[in-house]
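In case you want the letters, here they are:
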Amino acid sequence: MALSPSFQPVLERIAADIAAAPGRGRPADYIPALAEADPRRFGMAVAEPDGTVYGVGDWQQPFSAQSITKVFTLALVLSLEGEALWEHVGREPSGNPFNSLVQLEYEHGIPRNPFINAGALVVTDRLHTLTGDACGTLREFMRAESGCPGLAFDERVAASESASGDRNAALAHFMASYRHITNPVPELLSQYFRQCALEASCADLARAAGFLARHGIRADGSALLTRIEAKRVNAVMLTCGTYDAAGDFAYRVGLPGKSGVGGGIIAVVPGRCSLCVWSPGLDERGNSVAGVAALDRFTTLTGLSVF
Ligand code: DON
């Protein structure tokens, strides 16, 4: 299919092609507030580097961004302290579930990468130390990049995760014993649960990820990251963004991507566009079933992939 100057026709074709997928999989239920989501919902948005957005289905419906926020906290910390971050967290795929504890002990409390929960806790800890307000910094960044001044955290989702967040608490306490976490653990967990509870739509998240399509340049033309740093964030998304399914995601989609258990996935075609797809039914590795299918269709129909 020839690439249209507008992404609208391809989005409509994708929605038709994958119409049987929304409804498959199960919403995350280990965070009780997320279990209420309707797995038949589906939305997808594509943002061009100039901020023009195309969308289909529920593309303007806010949902819980969850782990998608980990891309933005990583970029913010890299912009503030550069390579020093990598003293506290690795950048190799873990091959384990996103909330696994097993590798941490024999790897001396250093998480494999910034996208598994342990690594994301370290990144949020750094952001909180560097700014004094990790969530406030993230919220202002997301509002500016998405162009949506009302973006906010869903405190009900944050409280629901806090009440059932024993695994994340275990990870944080364990890393604190190695001094890889420096803020008080309860304060860090509260920041992390709020961060994950950011409510945003496909349109908002596709636009907010635009700096990765623009090689590090923010919506206002200023630089968040250097071109090389933006390349590195995209590379870590490709290798680690969908956890123990990153190999299959690269095989099927061929783009840097980052999923969240709210059912969203962002993806980047460097230099061309940024995308977000949402459908709450998850596969057993925590990635949206319809979301992966839609991104697979997108790269197949347009030929836009990094390969
Ligand atoms: O920490 C957690 O378990 C959630 N707040 C986020 C996990 C997540 O989104 C993993 N993504 N697929």
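The preceding data block contains the structure.
Below is a short write-up of the structure.

In this section: the packing of aromatic side chains. Here the structure, examined in full by the defined rule, presents ten aromatic pairs. Plain terms: the ring middles of Phe-7 and Tyr-54 are 6.0 Å apart, the flat faces sit at 65° to each other, and that makes the pair edge-to-face. In this pair, Phe-7 sits in the segment before helix 1 (8–17) while Tyr-54 sits in strand 2 (residues 53–57), placing the two residues 47 residues apart along the sequence. Here the aromatic rings of Phe-7 and Phe-298 are separated by 5.9 Å at their centres, their planes lie at 40°, and the arrangement is tilted. One end of the pair, Phe-7, is in the segment before helix 1; the other, Phe-298, is in helix 13 (residues 289–302), and 291 residues separate them in sequence. Exposure remark for Phe-7: the relative accessible area of 3% places this residue in the buried category. Residue Phe-298 is classed as buried on the basis of its relative accessible area of 0%. Against the face of Trp-86 rests Arg-91, its NZ or CZ located 5.2 Å from the ring centre.

The strand order across the open sheet built from five strands is 2-1-8-7-6, with neighbouring strands paired in antiparallel fashion. On the outer flanks of this sheet lie strand 2 and strand 6 (257–259), each paired with one strand and no other. On average, each strand axis in the sheet is inclined to that of its neighbour by 10°, with strand direction left out of account. Direction of pairing for strand 1 (residues 43–47) relative to strand 2: antiparallel, over a ladder of five bridges. Its bridge partner being in strand 2, Ala-47 is matched across the sheet by Val-53. With respect to the sheet, helix 1 is in contact with strand 1 and strand 2, its orientation differing from that of strand 2 by roughly 20°.

A word on the packing of helix 7 (residues 166–177) against helix 8 (residues 185–196). Helix 8 packs onto helix 7 with a crossing angle of 135° between their chain directions and a minimal axis gap of 10 Å. Relative to helix 8, the element helix 7 lies oblique. The handedness of the crossing between helix 7 and helix 8 is right-handed. Where helix 7 approaches helix 8, its residues Asn-168, Ala-169, Ala-172, His-173 and Ala-176 are matched on the opposing element by Val-185, Leu-188, Leu-189, Tyr-192 and Phe-193. Here the residues of the contact of helix 7 with helix 8 are counted per class, giving eight nonpolar, two polar and no charged.

This next bit is on the pairing of strand 8 (residues 273–278). Counting buried positions along strand 8 gives six out of six residues, so the element sits mostly inside the fold. The alternating pattern of strand 8 places Cys-273, Leu-275 and Val-277 on one face and Ser-274, Cys-276 and Trp-278 on the opposite face, and all of these are buried. Summarising the sheet, strand 1 and strand 8 pair through five bridges and their orientation is antiparallel. From the neighbouring strand, Ala-47 faces strand 8, where its bridge partner is Ser-274.

Before going further, it helps to examine the sheet that holds strand 5 (residues 198–200). Neighbouring strands of a sheet are bound in pairs by backbone hydrogen bonds; such pairs are parallel or else antiparallel. Strand order in the open sheet formed by three strands is 3-5-4, and the pairing between neighbours is antiparallel. A strand with exactly one partner marks an edge of an open sheet, and here the two such strands are strand 3 (63–64) and strand 4 (152–153). In this sheet, strand 5 lies alongside strand 3 in antiparallel orientation, the contact comprising two bridges. Note that in strand 5 the partner of Phe-63 across the bridge is Ala-200.

Quick look at the environment of Leu-130 now. With respect to the helices and strands, the residue Leu-130 is situated in helix 4 (residues 117–131). Residue Leu-130 is classed as partly exposed on the basis of its relative accessible area, which comes to 35%. Once residues within four sequence positions are removed from consideration, Leu-130 is found in contact with Val-77, Leu-80 and Glu-81.

What follows is about the pattern of salt bridges. Scanning the entire structure with this criterion turns up 14 salt bridges. Note that Asp-38 and Arg-40 form a salt bridge whose closest N and O atoms lie 3.1 Å from each other. Assessed through its relative accessible area of 27%, Asp-38 is described here as partly exposed.

Procedures and definitions
Residues numbered from 1 in each chain as written. Predicted model: local features only at pLDDT ≥ 70, side-chain atom pairs only at ≥ 80, totals over all residues. Heavy atoms only, no water. Phe/Tyr/Trp six-rings, centres within 6.5 Å; stacked < 30°, edge-to-face > 60°. Helix = DSSP H or I, 4+ residues; strand = E, 2+ residues; numbered from the N terminus. Buried < 20%, exposed > 50% of the residue type's maximum accessible area, 1.4 Å probe, protein only. Lys NZ or Arg CZ within 6 Å of the ring centre and 35° of its normal. Pairing = 2+ DSSP bridges. Axes fitted to C-alpha atoms, helices over the stretch in contact; angles between N-to-C directions. Contact = heavy atoms within 4.5 Å. Parallel < 35°, antiparallel > 145°, perpendicular 65-115°, else oblique. Left-handed = near helix turned anticlockwise from the far one by under 90°. Nonpolar A, V, L, I, M, F, W, Y, C, P; charged D, E, K, R; others polar. Salt bridge = Lys/Arg side-chain N within 4 Å of Asp/Glu carboxyl O.

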